[in-house]
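Residue strings, one per chain:
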There are 2 protein chains.
Amino acid sequence: MKQISSRFSVAVHILSLIAVSPKECTGDFIADSVNTNPVIIRKIMGMLKKAGLVEVRPGVGGASLLKDPDQITLLDVYRAVDVIEDGQLFNFHDEPNQDCPVGRNIESALRSELRDAQSAMEQRLAQVTLDQLTVQFH
Amino acid sequence: MKQISSRFSVAVHILSLIAVSPKECTGDFIADSVNTNPVIIRKIMGMLKKAGLVEVRPGVGGASLLKDPDQITLLDVYRAVDVIEDGQLFNFHDEPNQDCPVGRNIESALRSELRDAQSAMEQRLAQVTLDQLTVQFH
DNA sequence: ATTGTAGTAACTACAATGGTTACAACGGAG
DNA sequence: CTCCGTTGTAACCATTGTAGTTACTACAAT
């Protein structure tokens, strides 16, 4: 059983921290809150930066959001840390035997169902914004 | 990026084969259609057997379904090959810092959203039955 | 008894993950 | 201009899940 990488939950954690305490958000400060290594944070911050979600200040340190927290969805974060590429949540055994009626037809039939299932999950993520999470942090 | 194991798609392939050509379904025949090693098939068949989906005849060989194809959903198969355990599609970074307001609260807030997203995907799988797939195999 | 099959154990190769150390590049503050 | 804390990377490493393979035992019908 292999799960979706914790990069995703860490990325949400990072963005939440920046939203809540924008002043003190150096890599080390964030790493302390997430409870991991600062390099992990920097790598994920790099992905968030590349996705246009945050701005990082090299040298002096610190980061800020490039979008309002109510404009950042969990799906945006999920895509930013490319925990899953495009439509590929489900792995499919490759090259089933084309001489067999099942082998020949199962791929397209099953893939389309799996795509729909993945899409249902992602659309659920799209409905949650960062500020819907952060308002819960008292 | 790590995908859900192809055990799942192979399991669906196996069950489809049994539904379509129940006579000739030895491990080697199935392995040829799936295009993999017979041992892989036997392992997955063992999981399907344990889940009460199929019956396997040791010695003589062959297998048959224990439920009607319209009573077997993709979710049943997904659970049978325990590609994901219970509510754990998403991995969560463990032990965020409890001294930080974000670290203290993010886990429960985010986990509940992720559980809902996973559930949306699984409920989509529950809507597809084996015979809805096999009717597409001409 | 022979034969073909299922059931397993043990092993390999590979890839993704999470983490670590080390170091260069950067930008203010003194 | 120099120092210092920070960001940005590269290079590793250990662990884990996956997929496959070989080899062997157990089984059931002929």
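It should be noted that the structure appears before, not after, this text.
Parameters and conventions
- Residues numbered from 1 in each chain as written.
- Chains lettered and ligands numbered in written order.
- Predicted model: local features only at pLDDT ≥ 70, side-chain atom pairs only at ≥ 80, totals over all residues.
- Heavy atoms only, no water.
- Helix = DSSP H or I, 4+ residues; strand = E, 2+ residues; numbered from the N terminus.
- Rg over C-alpha atoms; globule rule 2.2 N^0.38 Å.
- Buried < 20%, exposed > 50% of the residue type's maximum accessible area, 1.4 Å probe, protein only.
- Contact = heavy atoms within 4.5 Å.
- Areas by Shrake-Rupley, 256 points an atom, 1.4 Å probe, with all protein chains shown as cover.
- Near = heavy atom within 4 Å.
- Polar contact = N/O pair within 3.5 Å; in protein donor to acceptor, adjacent residues only side chain to side chain.
- Buried area = accessible area lost by both parts, 1.4 Å probe.
- Salt bridge = Lys/Arg side-chain N within 4 Å of Asp/Glu carboxyl O.
- Nonpolar A, V, L, I, M, F, W, Y, C, P; charged D, E, K, R; others polar.
- Least-squares fit on C-alpha atoms with pLDDT ≥ 70 in both.
- Phe/Tyr/Trp six-rings, centres within 6.5 Å; stacked < 30°, edge-to-face > 60°.

1. Brief notes about the overall build of chain A
Within chain A one finds six helices and two strands. Listing each helix as α and each strand as β along chain A from the N terminus yields α-α-α-β-β-α-α-α. The globule rule puts the C-alpha radius of gyration for 138 residues at 14 Å, and the 19 Å found for chain A is more than 25% above it. C-alpha extents for chain A along the principal axes are approximately 65 × 30 × 25 Å. Split into buried and exposed, the 138 residues of chain A put 46% on the buried side. Within chain A, contacts between residues at least 6 apart in sequence are counted, and of these 66% link residues at least 24 apart. With an accessible surface of roughly 6,500 Å², chain A has 46% of that area assigned to carbon and sulfur atoms.

2. Quick notes on the protein's contact with DNA strand D
Neighbouring residues of DNA strand D: 28 residues in total, closest R42(A), K49(A), G59(A), S5(B) and S6(B). Taking all atoms of DNA strand D within 4 Å of the protein, the share assigned to sugar and phosphate is 62%. Between S5(B) and DNA strand D, the recorded distance is 2.6 Å, taken from a side-chain N or O atom to a phosphate oxygen. Between DNA strand D and T36(B), the relevant distance is 2.9 Å, taken from a phosphate oxygen to a side-chain nitrogen or oxygen of the residue. Of all elements in the fold, only α3 (38-50) of chain A together with α3 (38-50) of chain B reach the threshold of two or more residues within the surface near DNA strand D.

3. Observations regarding the interface of chain B and chain A
Taken together, the contacts link 58 residues of chain B with 58 residues of chain A. Across the interface of chain B and chain A, roughly 4,900 Å² is buried in total on both sides, 65% from carbon and sulfur atoms. Applying the counting criterion to the chain B and chain A interface returns four salt bridges. One salt bridge in this structure joins D116(A) and R124(B), with 3.0 Å as the shortest N-O distance. Taken together, the links from chain B to chain A amount to 20 residue pairs in polar contact (both at pLDDT 80 or more). For the side of chain B that touches chain A, the secondary-structure elements that each account for two or more residues are α1 (7-20), α2 (27-34), α4 (74-80) and α5 (101-126) of chain B.

4. Quick word on the protein's contact with DNA strand C
Taken together, 27 residues sit near DNA strand C, with S5(A), S6(A), R42(B), K49(B) and G59(B) positioned nearest. Atoms of DNA strand C within 4 Å of the protein belong to the sugar or the phosphate in 63% of instances, the rest to bases. Interatomic distance of 3.5 Å between a side-chain N/O atom of R7(A) and a phosphate oxygen of DNA strand C. R42(B) is positioned such that a nitrogen or oxygen atom in its side chain is 2.8 Å from a base oxygen of DNA strand C. For the surface near DNA strand C, the element with the most residues is α3(B), which contributes four residues. In terms of residue class, the surface near DNA strand C is built from nine nonpolar, 11 polar and seven charged.

5. Topic: the relation of the copies chain B and chain A
Here chain B sits on chain A after a turn of 180° about the axis and a move of 0.0 Å along it, with an RMSD of 0.0 Å. These values place the two chain copies in the arrangement generated by a two-fold rotation axis. Minimal C-alpha distance to the rotation axis in chain B is attained by M121(B), lying at 2.4 Å. Of the interface residues in chain B, 100% have counterparts in chain A that sit at the interface too, so the contact is made through matching surfaces.

6. A short note on the packing of aromatic side chains
Throughout the structure, instances matching the rule amount to four aromatic pairs over all chains. Judged by centre distance (5.8 Å) and plane angle (45°), the rings of F90(A) and F8(B) are tilted. Of this pair, F90(A) sits in the loop between α4 (74-80) and α5 (101-126) while F8(B) sits in helix α1, each in a different chain. The interplanar angle of 75° and the centroid separation of 5.7 Å between the aromatic rings of F8(B) and Y78(B) together place this pair among those described as edge-to-face. With F8(B) in helix α1 and Y78(B) in helix α4, this residue pair connects regions lying 70 residues apart in the sequence.

7. Some words on the pattern of salt bridges
Following the criterion strictly, the structure yields nine salt bridges over all chains and no others. Residue E122(B) is joined to R79(B) by a salt bridge in which the shortest nitrogen-to-oxygen separation is 3.4 Å. In this pair, E122(B) is assigned in helix α5 and R79(B) in helix α4, connecting sequence segments 43 residues apart. Three or more residues are tied together by salt bridges with common partners; here these are E113(A), D116(A) and R124(B).

By themselves, these observations are geometric and do not establish any function.
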